[in-house]
Amino acid sequence: MAEKRNANGPPPAGNASGGNAYTIDLNTFSRRLQAMYTHWSQHKDEYWGSSDVLAVATPPPSEDLRYLKSSALNICQKKASLLEVVKKSAKETVGVDVVMHVKAKNDNGSNQMESILRAIRSQSKSDHAAPTVGYIAREAPEGKLLEIWTDKLKGSGLTLSDISNGLSDLFAVKDKNEITCIKKAAYLTACAMKNFVVPKVEKVIDEEKKVTHASLMDDTEKAILDPVKIGVKLRAENVDICYPPIFQSGGNFDLRPSASSNDDYLYYDSSSVIICAIGSRYNSYCSNVARTYLIDSNAVQSKAYEVLLKAHEAAILALKPGNKISSVYEAAVAVVEREAPELVPNLTKSAGTGIGLEFRESGLSLNAKNERVLKAGMVFNVSLGFQNLQAKTSNPKSENFSLLLADTVIVTDDGRDVATSASSKSVKDIAYSFNEDEEEEEQPKVKPESIAKDAVFSKATLRSDNGEISKEELRKQHQAELARQKNEETARRLAGVESGSGDGRAAIKAASDLIAYKSVNELPPPREMMIQVDQKNEAILLPIYGSMVPFHVATVKTVSSQQDTNRNCYIRIIFNVPGTPFTT
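Quantities reported herein were computed from a predicted structural model and do not represent experimental measurements.

Before going further, it helps to examine the overall build of the protein. From N to C terminus, the protein includes 15 helices and 20 strands. For the protein, the residues scored as buried account for 43% of the 584 residues in total.

This is the structure we're talking about:
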């Protein structure tokens, strides 16, 4: 993970009020406090470890990218005075008193901790039954203050219970405001892929540049942190990355979320695979997208991607309220077993995880063993891939390859919403045609019209422009390509080389085979008695003794012109010797 980031720090946005940089939305506070108490009460034994008291220690701010449940529960780490405003709302909502124990700047907090422990013990229902204290057992204490608190809590003699599962289930269903934040984060992520990553990679390939994965990572991170530059109207101070953008190619692939971009150059020769994964946050809420791009893919790569795409779509379609989480991964596996059973061992062991304030909500892992029921408001990073596949090629950098797809998906009342759909993953939008020249040579008999229809207008272009080029621009490109092909064909013919012969050798024909017009009725109507060129019938018409006489262009050996001092122009046409073979 990158340095200089705070994955669970305070949200970037906030309104200044008094001496504090942030204010608390009391309506949101009351609603979420009520949700927590209700969930705790209803699922106390199932998820909250039968705890009577919740003790959550929030670590100090950090610039490292990290995701902690304690920080997700309380992302505001400002002065205690900010919490004064919640006292009334807490009392009215769930009937609790908010008591603050404020320590002096140089105090280690021991006295305040003892006061808290005494308050906990006072909650005993009898002299023999001390209350059970719920805490997050999986998080190691950070900083001197939390180390002291952990020691005191464990040495207090109180019964301790892990509440990680309770917090996971509490965070699983997002409210309307949270969904809005996730949608904004997802839109930013999708636009970063569509409007920055794809054009950037295209340019690198088109110009045959040497650019490292790490360099692409840095440039993409800068683009995410400046949303306006990628066409997203979000304030820069409200956004951040979830992790350093990941770029992989050249046969070295790691599909784990902890993967990183190395210093190798982006590899984009024939049959190469490029994996890009980016995640961004809006007001601390996460989103993710991953795409695989194929460069002149071979049959093995194309089939594997098509199967993965179907499996990924099947997993997304299984995300609807009432289904078990396990059904999502099972739907993906079923597609692979049906379409390409030999690829099942290479399929990732899960189809992703829940996502929100935490990038990976462990309690919502989309694997075959999770029997929890899907609910509207849950959000998932649906991530599926094939790893360590082999293609039959002599190039080691394209022999080993992996594929990865990921989208941020919101479970709705009637199904699901793919929040990152702005970034296409269809075959026509991720498969690049790179060696167009070789393809034309291998297929010499393709009609010019069909070649023009599928013409590639740059060295590395997607097989579909995805609607980003106007119809007028496409028409102009089409006409220009037709003109280019016609000119090249005429030039080859005049040079004595058959169009599409492939080996550069002339096709030999007898003079009797060269027919421009089958009858005199096909001759163009005479205009002036001057030299005319009929491109359609490949003929040149010369005025001879008052009549226009046609000659096939293949009978012409050379043409030259000369102008004398009287400004008279002479045209000399030398024909091939009659009776000899002609090249066309």
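Here the narrative resumes, following the displayed structure.
With that out of the way, let us pick up the pattern of salt bridges. Taken as a whole and assessed by the stated rule, the structure comprises 24 salt bridges. A salt bridge links Asp-175 to Arg-32; its shortest N-O distance comes to 3.1 Å. A residue pair is termed long-range when its members are at least 10 positions apart, and Asp-175 in the loop between α6 (164-172) and α7 (176-206) and Arg-32 in helix α1 (residues 26-42) qualify at 143 residues. Here the residues in one salt-bridge network are Arg-291, Glu-313, Asp-407 and Lys-425, joined through shared partners.

So, on to helix α4 (residues 110-121). Helix length check: α4 (12 residues) gives 17 Å between terminal C-alpha atoms against 16 Å at 1.5 Å per residue, within 8%. All of the buried residues along α4 are Ser-110, Gln-112, Met-113, Leu-117 and Ile-120. For α4, the buried positions fall inside an angular range of 160° around the axis, keeping them on one side. Facing away from the buried side of α4, by more than 90 degrees, are the exposed residues Asn-111 and Arg-118. Buried positions along α4 lie against β1 (53-54), β2 (132-135) and α5 (143-154).

Our next topic: the environment of Thr-189. Along the chain, the position of Thr-189 falls in helix α7. On a C-alpha basis, the gap between Thr-189 and Ile-278 in space is 6.7 Å, while along the polypeptide they are 89 residues apart. Beyond its immediate chain neighbours, meaning those up to four positions away, Thr-189 contacts Ile-278, Gly-279, Ser-280, Ser-287, Asn-288 and Val-289.

Reading across from one edge, β1-β2-β3 is the order of the three strands in this open sheet, with parallel pairing throughout. The outermost strands of the open sheet, each flanked by one partner alone, are β1 and β3 (159-162).

This paragraph deals with the nonpolar core. Counting 95 residues, the largest nonpolar core has Ile-274, Leu-319, Phe-380, Phe-386 and Leu-403 as its most contacted members. Counting residues per element, this core draws most heavily on α7, which supplies 14 residues.

A contiguous nonpolar surface patch, about 270 Å² in accessible area, is contributed by Ile-531, Val-559 and Ile-571. Mapped onto the fold, Ile-531 is located in the loop between β14 (508-509) and β15 (532-534). Residue classification places Ile-531 among the partly exposed residues on the basis of a relative accessible area of 37%.

A few words now on the packing of aromatic side chains. A complete count under the given rule lists four aromatic pairs for this structure. Ring centres 5.4 Å apart and planes at 70° place the aromatic pair Tyr-243 and Phe-359 in the edge-to-face group. Remark: Phe-359 occurs in the loop between β8 (352-354) and β9 (379-390) and Tyr-243 occurs in the loop between β4 (239-241) and β5 (246-248); sequence separation between them is 116 residues. Ring geometry for Tyr-293 against Tyr-432: centres 6.3 Å apart, planes inclined by 75°, an arrangement best described as edge-to-face. Here Tyr-432 lies in strand β12 (residues 431-433) and Tyr-293 lies in strand β7 (residues 285-295), a separation of 139 residues in the sequence. Judged by relative accessible area, Tyr-293 falls into the buried class, the value being 5%. Seen from the ring of Tyr-265, Lys-210 lies directly overhead, with NZ or CZ sitting 5.7 Å from the centre.

This part covers the sheet that holds strand β16 (residues 539-544). Taken in spatial order, the three strands line up as β15-β16-β17 in an open sheet, and their pairing is antiparallel. Only two strands of the sheet have a single neighbouring strand rather than two, namely β15 and β17 (547-552). With strand direction ignored, the average angle separating the axes of adjacent strands in the sheet is 30°.

Attention now moves to helix α8 (residues 213-224). For α8, with 12 residues, the first-to-last C-alpha span of 17 Å sits near the 16 Å given by 1.5 Å per residue. Regarding α8, the residues found buried are His-213, Ala-214, Leu-216, Met-217, Thr-220, Glu-221, Ala-223 and Ile-224. At its buried positions, α8 is contacted by α7, β4, β5 and β6 (272-282).

For β7, the tally of buried residues reaches 11 of 11 residues, placing the bulk of the element in the interior. Alternating positions in β7 separate into two faces, Tyr-285, Ser-287, Val-289, Arg-291, Tyr-293 and Ile-295 on one and Cys-286, Asn-288, Ala-290, Thr-292 and Leu-294 on the other, with burial throughout. For β6 and β7, the ladder comprises 11 bridges, and the chain directions are antiparallel. What sits directly across from Arg-281, in β7, is Cys-286. Hairpin connection from β6 to β7: two residues lie between these consecutive antiparallel strands, with Asn-283 at a positive phi of about 50°. The sheet contact formed by β7 and β12 spans two bridges and is parallel. Within the sheet, the bridge partner assigned to Ile-295 lies in β12 and is Tyr-432.

Let's shift gears to the pairing of β2. Across the two faces of β2 the burial is the same, with Thr-132 and Gly-134 and Val-133 and Tyr-135 all buried. When β1 meets β2, the two strands line up parallel, connected through two bridges. Following the sheet pairing, Leu-54 is matched in β2 by Gly-134. Inspection of the sheet shows β2 paired to β3 by four bridges, in the parallel sense. Bridging across to β3, Thr-132 finds its partner in Thr-159. Note on the crossover from β2 through α5 to β3: the handedness is right-handed.

A few words on the confidence of the model for the protein. Per-residue pLDDT for the protein averages 82, and the proportion of residues at 70 or more is 76%. In this model, residues 496-508 is a region of pLDDT below 50 whose contacts with residues beyond four sequence positions or in other chains number 19 contacts.

Quick notes on the rules
- Residues numbered from 1 in each chain as written.
- Predicted model: local features only at pLDDT ≥ 70, side-chain atom pairs only at ≥ 80, totals over all residues.
- Heavy atoms only, no water.
- Helix = DSSP H or I, 4+ residues; strand = E, 2+ residues; numbered from the N terminus.
- Buried < 20%, exposed > 50% of the residue type's maximum accessible area, 1.4 Å probe, protein only.
- Salt bridge = Lys/Arg side-chain N within 4 Å of Asp/Glu carboxyl O.
- Expected span 1.5 Å × (residues − 1).
- Arc of directions from axis to C-beta.
- Contact = heavy atoms within 4.5 Å.
- Pairing = 2+ DSSP bridges.
- Core = buried A, V, L, I, M, F, W, Y, C linked by side-chain atoms within 4.5 Å.
- Patch = residues over 30% accessible without salt bridge, like charges linked within 9 Å, V, L, I, M, F, W, Y side chains within 5 Å.
- Areas by Shrake-Rupley, 256 points an atom, 1.4 Å probe, with all protein chains shown as cover.
- Phe/Tyr/Trp six-rings, centres within 6.5 Å; stacked < 30°, edge-to-face > 60°.
- Lys NZ or Arg CZ within 6 Å of the ring centre and 35° of its normal.
- Axes fitted to C-alpha atoms, helices over the stretch in contact; angles between N-to-C directions.
- Right-handed = clockwise from strand over helix to strand, strands pointing away.
- pLDDT = per-residue confidence, 0-100.

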